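What follows is each chain in one-letter form.
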Protein chains: 2
Amino acid sequence: MKTIQVELAEKRYPIHIGSGLFEKLPQFLEGIGWGRERRLMLVADSHVSPLYAERVLKPLEQAGFTVGQITHPAGEESKSLHTLERLVEDCIRFGLDRSGAVLALGGGVTGDLAGFLAASYMRGIPFIQLPTTLLAHDSSVGGKVGVNHPLGKNMIGAFHQPAMVVFDTDVLKTLPEREILSGCAEVVKHALIWDASFADWLMEHHRQLMALEPEVTAEAIERGCRVKAAVVSQDEKESGIRAILNYGHTIGHALESVSGYGAFTHGEAVAVGMAGAALLGEALGTATEVFPFTRELLAAFRLPTHLSPVWAEEELLAAMKRDKKAKKGAYTFVLPTGIGSVVLQHGVEEAAIREVLARLRGGESR
Amino acid sequence: MKTIQVELAEKRYPIHIGSGLFEKLPQFLEGIGWGRERRLMLVADSHVSPLYAERVLKPLEQAGFTVGQITHPAGEESKSLHTLERLVEDCIRFGLDRSGAVLALGGGVTGDLAGFLAASYMRGIPFIQLPTTLLAHDSSVGGKVGVNHPLGKNMIGAFHQPAMVVFDTDVLKTLPEREILSGCAEVVKHALIWDASFADWLMEHHRQLMALEPEVTAEAIERGCRVKAAVVSQDEKESGIRAILNYGHTIGHALESVSGYGAFTHGEAVAVGMAGAALLGEALGTATEVFPFTRELLAAFRLPTHLSPVWAEEELLAAMKRDKKAKKGAYTFVLPTGIGSVVLQHGVEEAAIREVLARLRGGESR
Ligand SMILES: NC(=O)c1ccc[n+]([C@@H]2O[C@H](COP(=O)([O-])OP(=O)(O)OC[C@H]3O[C@@H](n4cnc5c(N)ncnc54)[C@H](O)[C@@H]3O)[C@@H](O)[C@H]2O)c1
Ligand SMILES: NC(=O)c1ccc[n+]([C@@H]2O[C@H](COP(=O)([O-])OP(=O)(O)OC[C@H]3O[C@@H](n4cnc5c(N)ncnc54)[C@H](O)[C@@H]3O)[C@@H](O)[C@H]2O)c1
Ligand SMILES: [Zn+2]
Ligand SMILES: [Zn+2]
């Protein structure tokens, strides 16, 4: 087992990564001072719940904890105020009070949704992230939680740090291949923004990671979490540097929003966005020759780096304008300065973005 | 004009109280460092908007600010996730981004709703409270924001402190009498929990306050805000002493919940709750002879101190059990230790509460 500490101004919390960790949950809870009088509500989606809820419930119940259980439909559509209202209802009926806590067992959807439940239930109770997707090595760390609005992704949310993250890597075995690759996109992102040697390591080990070879998988998750933890500890509420974690997400979110959530996995959309950011960086002169390696690395993970013409340019631009990172109407992008480093660039002109969208559509980025 | 500073661990903010203050909003914004590039969204309800939105909009627009406007239906029913979703839609369409802010113009309903909008929109933007009810001297200070769930009041929310509170007392003139009296209940609460001399002063000046005589009104608001600010600054997130602000609210909230929001004003429900807390304190021996003065003071403000038998005891008890202050199933009450001081009492037994409910129904408390 590997443990990383996330150090924040007012708080620190551990990330445990390894095999067979759900069995040790009672000890981990003890480690953060949680006693049996704290009622727990386990939230999972309709795919994850039948697979793994028991694995979490059993050791906790055997150790004397009282655990309720909520299952929400799998899929991005569940990240909504509507689902939140249903979750709150279940928590009230279960008798969860301010001394209670939430366990978020699942991918980024459950983590964001159940995290926002914890952030807003009775004005905030603690929660623990139990990620079950590779992508969730990213989403489970850092405290960004929330739901979507029909007009935009993650429009309603909070910063609410988990009390702990327990990543039992055994659960990844059942993950559909496309979801593994989606998670690889965020692993690649962490390497590209922060750590060139991590990027090279990923290029070398991409086959083992895609095959979920245990050692490589745990190392990839650990290194990815280290990047995330380092950035978040410098800027918990995204007033500055944290924005670099949105590398690839400006175009990525626009693509998700225009295509309707579900057509792309999050990672696929972000992969296209990182290809676009590399092209944009080269065009604006923040970096040279980052696109070829970026494309090669993403392609190694069978992630897309081009844009189908069915997604209309005007709609993508409109969606980007609505992006949370857009300040006062100008476009803001995270751009590469090299492999392993990026910069936050404000006031990017529309013409440059149109050019990049055109190139993403052309043969160039295939 | 009177100004109180609310001092918190990481933040301080001013409360301005006086006549004609909305005209000075541009200066006040300058005072907290807000420039014209910050888009503002004014939220008000369907009663307040036609009366006072212009008074807020005009000086700001003349000073060069861009201000959007949302009107939501008046009434407690608007404190819902459903209304929140509509507000978020309007904010997105207006182009409000992370550099924007919310102005909450209204009573506690608008303050709580628009405050939660600000707390959760794009994971949190700043907001200003512009209270228009007497009750809102309480709700606008301290950062508790949120919405109701069909199963319970204020079940979904956040702690999100305003950047400023501007109480223009001129707007109280149009307040329906019943709402004035509702606000008086929270003024009385602040006196009863903290400041015996304030309670005596209220007994002496109740007629002038109910008539909204300007000097007395401003002084009552100021003294009430001082109590609130003092308590909140000691315990921003209600981990301890702040719970005393819920004096009268355990029974009060149960009554609102059982009667369906709307049958009672918030203040009326809290008045019955304070009468109940006084009786309970006497029964449990935390205080002696607090009930007669409590009843007299509430009656002076024409507030109810008895309970109609139509509200079933079992339902009231069930609602109290769901109360956020209930920890692990036991009843928790704020009880008087005298006039001007209270104590937080855990583990209050059901039998004692049943007795008090019976006495509140009887002639005794009329
Ligand atoms: N909060 C953050 O910082 C942050 C960061 C990145 C992404 N996100 C969010 O994360 C979400 C995407 O996360 P995701 O890709 O994990 O999506 P997801 O939670 O929907 O999981 C993907 C699919 O895999 C299934 N699944 C999960 N674990 C499984 C397992 N072990 N075995 C079999 N099936 C399993 C799920 O049921 C779902 O169908 C998006 O909503 C995105 O906005 C948040
Ligand atoms: N956040 C807190 O700390 C806190 C504290 C106490 C109460 N509250 C909440 O406050 C709410 C009650 O607040 P309220 O009593 O102000 O209710 P409210 O906001 O509904 O206002 C009462 C009525 O008066 C009208 N009104 C408001 N200002 C007016 C004016 N100047 N002239 C004419 N009409 C006017 C409103 O339209 C409404 O019909 C409850 O939801 C309660 O939970 C919150
Ligand atoms: Zn992402
Ligand atoms: Zn109140």
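Residues numbered from 1 in each chain as written. Chains lettered and ligands numbered in written order. Predicted model: local features only at pLDDT ≥ 70, side-chain atom pairs only at ≥ 80, totals over all residues. Heavy atoms only, no water.

## Quick notes on the coordination of the zinc ion (ligand 3)
Expected angles at a metal are 109.5 degrees for tetrahedral coordination by four donors and either 90 or 180 degrees for octahedral coordination by six donors. Residue and element names in this part refer to chain A. Counted only if it meets this: Donor atoms (N, O, S) are those found within 2.8 Å of the metal centre, with the cutoff raised to 3.2 Å for Na, K and Ca; water is not part of the atom list, so apparent gaps in a site can occur. Comment: elements are numbered from the N terminus, with helices defined as DSSP H or I runs of at least four residues and strands as E runs of at least two. Relative accessibility thresholds used throughout: buried, under 20% of the residue-type maximum; exposed, over 50%; partly exposed, between the two (1.4 Å probe, protein chains only).
Donor atoms from the polypeptide that bind the zinc ion (ligand 3) are Glu186 (OE), His249 (NE2) and His266 (NE2), placed at 1.9 to 2.1 Å. We note that the donor set of the zinc ion (ligand 3) lies within a single chain, spaced as E-x62-H-x16-H. Taken together, the positions of Glu186 in helix H6 (residues 177-194) and His266 in helix H10 (residues 266-284) put the pair 80 residues apart, joining distant regions of the chain. With respect to class, Glu186 is no different from His266; both count as buried.

## Regarding the site of ligand 2
Residues and elements named next belong to chain B. Here is the rule: For this description, a residue counts as near a given molecule or strand if any of its non-hydrogen atoms is within 4 Å of it. For the purposes of these results, a polar contact is taken to be a pair of N or O atoms within 3.5 Å, where, inside protein, one atom must be able to donate a hydrogen and its partner to accept one; residues adjacent in sequence count only when each atom of the pair is a side-chain atom.
Taken together, 28 residues lie near ligand 2, and Asp45, Glu76, Thr132, Thr133 and Thr174 sit nearest. Between ligand 2 and the protein, one listed contact pairs an oxygen atom with a side-chain N or O atom of Glu76 at 2.7 Å. Within the contact set of ligand 2, a nitrogen atom lies 2.7 Å away from a side-chain nitrogen or oxygen of Thr132. Those elements giving two or more residues to the shell around ligand 2 turn out to be helix H2 (48-62), helix H4 (108-120), helix H5 (136-139), strand S8 (152-159) and helix H6 (177-194).

## A few points about the UniProt feature "domain: 3-dehydroquinate synthase N-terminal" (unreviewed entry) in chain A
The test is simple: UniProt positions are given in the numbering used here, feature names are shortened, and annotations may be inferred rather than shown by experiment.
Residues annotated in UniProt with the feature "domain: 3-dehydroquinate synthase N-terminal" (unreviewed entry) correspond here to residues 70-180 of chain A. Between the end C-alpha atoms of residues 70-180 of chain A there is a gap of 25 Å, over a span that is 32% helix and 30% strand.

## A few points about the relation of the copies chain A and chain B
Between the two copies of the chain lies a relationship made up of a rotation around an axis and a movement along it. Put simply, the test is: We superpose the copies by least squares over the C-alpha atoms of residues that have a pLDDT of at least 70 in both of them. Throughout, a contact is declared for two residues whenever any of their heavy atoms are within 4.5 Å.
By a simple turn and slide, chain A fits onto chain B: the slide is 0.0 Å along the axis, the RMSD is 0.0 Å, and the turn is 180 degrees. Those values place the two copies in the arrangement expected of a two-fold rotation axis. Considering only C-alpha atoms, the part of chain A nearest the rotation axis is Leu81 of chain A, at 3.3 Å. Most of the interface of chain A is mirrored in chain B, where 100% of its interface residues again form contacts.

## Some details on the site of ligand 1
Residue and element names in this part refer to chain A. Cut-off, in case you're wondering: Here the open area of atoms and residues is found with the Shrake-Rupley method and a 1.4 Å probe, where only the protein chains shown may cover a residue. All amino acids are sorted into three groups, where Ala, Val, Leu, Ile, Met, Phe, Trp, Tyr, Cys and Pro are nonpolar, Asp, Glu, Lys and Arg are charged, and the leftover types, Gly among them, are polar. Each domain's limits were defined by an automated method or a database of domain assignments.
The environment of ligand 1 is formed by 28 residues, the closest being Asp45, Glu76, Gly108, Thr132 and Thr174. Glu76 is positioned such that a nitrogen or oxygen atom in its side chain is 2.7 Å from an oxygen atom of ligand 1. In this structure, an oxygen atom belonging to ligand 1 sits 2.8 Å away from a main-chain N or O atom of Gly108. Contact with the protein chains covers 91% of the free accessible surface of ligand 1, which is 860 Å². Listing elements by their share of the shell around ligand 1, those giving two or more residues are helix H2 (48-62), helix H4 (108-120), helix H5 (136-139), strand S8 (152-159) and H6. The residue inventory of the shell around ligand 1, partitioned by class, reads 9 nonpolar, 9 polar and 10 charged. The residue makeup of the shell around ligand 1 includes at least three contributed by each of domain 1 (2-173) and domain 2 (177-361).

## A few points about the coordination of the zinc ion (ligand 4)
All names here are of chain B. Coordination sphere of the zinc ion (ligand 4), protein contribution only: Glu186 (OE), His249 (NE2) and His266 (NE2), at 1.9 to 2.1 Å. Each donor residue of the zinc ion (ligand 4) belongs to the same chain, and together they define the spacing E-x62-H-x16-H. Linking Glu186 in helix H6 with His249 in helix H9 (residues 249-259), this pair joins segments that are 63 residues apart in sequence. The class for Glu186 is buried, based on a relative accessible area of 1%. The class of His249 is buried, set by a relative accessible area of 5%.

## Describing the sheet that holds strand S9 (residues 164-168) of chain B
Hydrogen bonds between backbone groups are what pair the strands of a sheet, and the pairing can be parallel or antiparallel. Residues and elements named next belong to chain B. Our working rule: For two strands to pair, DSSP has to find at least two bridges joining them. All axes here are fitted lines through C-alpha atoms, helices being fitted over the stretch that makes contact, and every angle between N-to-C directions spans 0 to 180 degrees.
Spatially, 7 strands are ordered S1-S2-S9-S6-S5-S3-S4 in an open sheet, and the strand pairing comes out mixed. Since the sheet does not close on itself, it has two edges, and those belong to strand S1 (2-7) and strand S4 (67-72), each with one partner. Across the sheet, the axes of successive neighbouring strands diverge by a mean angle of 15 degrees, strand direction being ignored. As judged from the 2 bridges shared by strand S6 (residues 127-131) and S9, these two strands associate in the parallel manner. For Gln129, the partnering residue across the bridge sits in S9 and is Val165. On top of the sheet, H2 reaches strand S3 (40-45), S4, strand S5 (101-106) and S6; it is set at about 160 degrees to S3, its chief contact. Across the sheet, helix H3 (residues 81-94) touches S3 and S4, and the angle it forms with S4 is around 160 degrees.

## Section: the interface of chain A and chain B
Defined as follows: Note on definitions: buried area is the accessible-area loss of two parts on being combined, 1.4 Å probe, summed for both. The salt bridge definition used is simple: a Lys or Arg side-chain nitrogen within 4 Å of an Asp or Glu carboxyl oxygen.
The partner chain B presents 36 residues to the 36 residues of chain A that form the contact. The junction of chain A with chain B conceals about 3,500 Å² of combined surface from both sides, 63% of it contributed by carbon and sulfur atoms. Where chain A touches chain B, the interface holds 2 salt bridges. A salt bridge links Arg98 of chain B to Glu238 of chain A, with the nearest nitrogen and oxygen atoms 3.1 Å apart. Sorting elements by how many residues they give to the side of chain A that touches chain B places helix H3 (residues 81-94) of chain A first, with 7 residues. Its residues assigned to classes, the side of chain A that touches chain B shows 16 nonpolar, 6 polar and 14 charged.

## Observations regarding the packing of aromatic side chains
We apply this condition: Ring pairs shown here join Phe, Tyr and Trp side chains whose ring centres sit within 6.5 Å, with only the six-membered ring taken for Trp; geometry is labelled stacked below 30 degrees between planes, edge-to-face above 60, and tilted in between. Geometrically, a lysine NZ or arginine CZ counts as sitting over a ring once it is within 6 Å of the ring centre and also within 35 degrees of the ring normal.
Counted by the stated rule, this structure contains 4 aromatic pairs over all chains. Geometry around Trp34 of chain B places Arg38 of chain B over its ring, the cationic atom sitting 4.5 Å from the centre.

## Things to note about the pattern of salt bridges
All names here are of chain A. Under the criterion given, the structure shown has 42 salt bridges over all chains. In this structure, Arg12 and Glu7 form a salt bridge, with 2.4 Å as the shortest nitrogen-oxygen distance. Overall, the relative accessible area of 49% leaves Arg12 in the partly exposed class. Overall, the relative accessible area of 39% leaves Glu7 in the partly exposed class. Its salt-bridge partner being Lys321, residue Glu350 comes within 3.6 Å of it at the nearest N-O pair. Of this pair, Glu350 sits in helix H13 (residues 350-361) while Lys321 sits in helix H12 (residues 313-322), placing them 29 residues apart in sequence. One salt-bridge network, held together by shared partners, links Glu76, Lys79, Asp112, Lys153 and Glu256.

## Re the domain arrangement of chain A
All names here are of chain A. The domain boundaries assigned to chain A delineate domain 1 (2-173) and domain 2 (177-361). Computed over C-alpha atoms only, the centres of domain 1 and domain 2 are separated by 26 Å. Roughly 2,800 Å² is buried in total at the junction of domain 1 and domain 2, and carbon and sulfur atoms are behind 68% of that figure. Remark: the boundary between domain 1 and domain 2 carries 5 salt bridges. The partner of Glu238 in a salt bridge is Lys144, and the shortest N-O contact between them spans 2.5 Å. Inspection of the domain 1/domain 2 interface yields 8 residue pairs in polar contact (both at pLDDT 80 or more).

## Here's the deal with helix H8 (residues 214-234) of chain B
We count it as follows: Every helix has an expected span of 1.5 Å times one less than the residues it contains.
Spanning 21 residues, H8 of chain B covers 30 Å between terminal C-alpha atoms, matching the ideal 30 Å at 1.5 Å per step. Looking at where H8 of chain B begins, the residue whose side-chain oxygen comes 3.2 Å from the main-chain nitrogen of Glu215 of chain B is Glu213 of chain B.

## Examining the sheet that holds strand S4 (residues 67-72) of chain A
Residue and element names in this part refer to chain A. The 7 strands lie next to each other as S1-S2-S9-S6-S5-S3-S4, forming an open sheet whose pairing is mixed. A strand with exactly one partner marks an edge of an open sheet, and here the two such strands are strand S1 (2-7) and S4. The sheet shows a mean angle of 15 degrees between the axes of neighbouring strands, direction not considered. Sheet analysis places strand S3 (residues 40-45) next to S4, joined by 6 bridges and oriented parallel. In the sheet register, Ala44 faces S4, and the bridge partner there is Thr71. Those strands touched by H2 are S3, S4, strand S5 (101-106) and strand S6 (127-131), and its axis lies near 160 degrees from that of S3. Packed on one face of the sheet, helix H8 (residues 214-234) meets S1, strand S2 (12-18) and strand S9 (164-168) and runs near 10 degrees to S1.

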